[in-house]
Amino acid sequence: QAQLAESGGGVVQAGGSLRLSCAASGLTFSGYVMAWFRQAPGMEREFVTGITQSGGTYYADSVKGRFTISRDNAKNTVYLQMNSLKPEDMANYYCAAKTGPTSNRWDRYDYWGQGTQVTVSS
């Protein structure tokens with residue numbers, strides 16, 4: 001059974017940085033597109049960034065230039081480096097996995113983690 005486990009969330013001041021990790025188990029990690037989504041209270045879940053099986057990356061416009069996604073297939077882990085954090089980045093961040101092509105639609109993903117909270121104080 002596939003499982004995704006996020007870690008690294010916390011409280012940071014605006015302008016600061018955090019690094020999230022997502023450890024995968026129970027799946028052939030290298031065969032999956034991995035992505036990060038986020039959801040703030042009362043808001044819909046939104047796409048943040050994704051990385052293909054071959055390492056290609058894509059980002060939401062709101063995080064381009066500030067966030068970086070990467071993956072380590074040897075460790076079955078995907079990372080999200082978040083720099084220059086803004087109060088509007090505050091949300092619960094979820095890791096997700098899917099086979100096949102990339103997608104920025106949350107309903108196209110097969111597996112989800114439980115989420116990790118990122119709080120940005122102004």
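Residues numbered from 1 in each chain as written. Predicted model: local features only at pLDDT ≥ 70, side-chain atom pairs only at ≥ 80, totals over all residues. Heavy atoms only, no water.

**Some details on the packing of aromatic side chains**
The geometry of an aromatic ring pair is captured by the separation of the ring centres together with the interplanar angle, meaning the angle of the planes. This is how it is decided: Two rings from Phe, Tyr or Trp (for Trp, the six-membered ring) form a pair when their centres are within 6.5 Å of each other. A pair whose planes differ by under 30 degrees is stacked, one over 60 is edge-to-face, and the rest are tilted. Under the DSSP-based scheme used, a helix requires at least four consecutive residues in state H or I and a strand at least two consecutive residues in state E, with every element numbered from the N terminus. Here's how the labels work: a residue is buried when its accessible area is under 20% of the maximum for its type, exposed when over 50%, partly exposed in between, all with a 1.4 Å probe on protein chains only. Geometrically, a charge over a ring is one whose NZ (Lys) or CZ (Arg) sits within 6 Å of the ring centre while staying within 35 degrees of the ring normal.
Applying the stated criterion across every chain yields a total of seven aromatic pairs. Between Phe37 and Trp112, the ring centres sit 5.1 Å apart and the planes meet at 55 degrees, which makes this aromatic pair tilted. Here Phe37 is found in strand β4 (residues 33-39), whereas its partner Trp112 is found in strand β10 (residues 111-112), with 75 residues between them in sequence. Judged by relative accessible area, Phe37 falls into the buried class, the value being 1%. On the numbers, 6.2 Å between centres and 65 degrees between planes, the contact of Tyr109 with Trp112 is edge-to-face. Owing to a relative accessible area of 7%, Tyr109 belongs among the buried residues under this scheme. A connected cluster of aromatic rings, assembled from ring pairs, spans Phe37, Phe47, Tyr58, Tyr94, Tyr109 and Trp112. Sitting over the ring of Tyr79, Arg19 keeps its end group 4.0 Å from the ring centre.

**A word on the pattern of salt bridges**
The test is simple: Salt bridge criterion: a side-chain nitrogen from Lys or Arg within 4 Å of a carboxyl oxygen from Asp or Glu.
This model, assessed by the stated rule, comprises five salt bridges. Put simply, Arg38 and Asp89 hold a salt bridge, and the shortest N to O gap is 2.9 Å. Taken together, the residues Arg38 in strand β4 and Asp89 in the loop between β8 (77-82) and β9 (91-98) connect sequence positions 51 residues apart. An identical accessibility class is assigned to Arg38 and Asp89; each is buried. For Lys64, the salt bridge identified is with Asp61, shortest N-O distance 3.1 Å. Residue classification places Lys64 among the exposed residues on the basis of a relative accessible area of 51%. Through salt bridges with shared partners, a single ionic network connects Arg38, Glu46, Arg66 and Asp89.

**Description of the nonpolar core**
For soluble globular proteins, the rule of thumb is that nonpolar side chains tend to be buried together. Rules: The definition of a nonpolar core used throughout is a set of buried Ala, Val, Leu, Ile, Met, Phe, Trp, Tyr and Cys residues joined through side-chain atoms within 4.5 Å. Residues are treated as being in contact if the distance between any of their heavy atoms lies within 4.5 Å.
Among the nonpolar cores identified, the biggest contains 35 residues, and Met34, Trp36, Val78, Met82 and Tyr93 are the most heavily contacted of them. Setting aside its immediate chain neighbours within four residues, Tyr93 contacts Glu6, Leu20, Trp36, Phe37, Arg38, Val48, Phe67, Leu80, Met82, Gly115, Thr116 and Val118.

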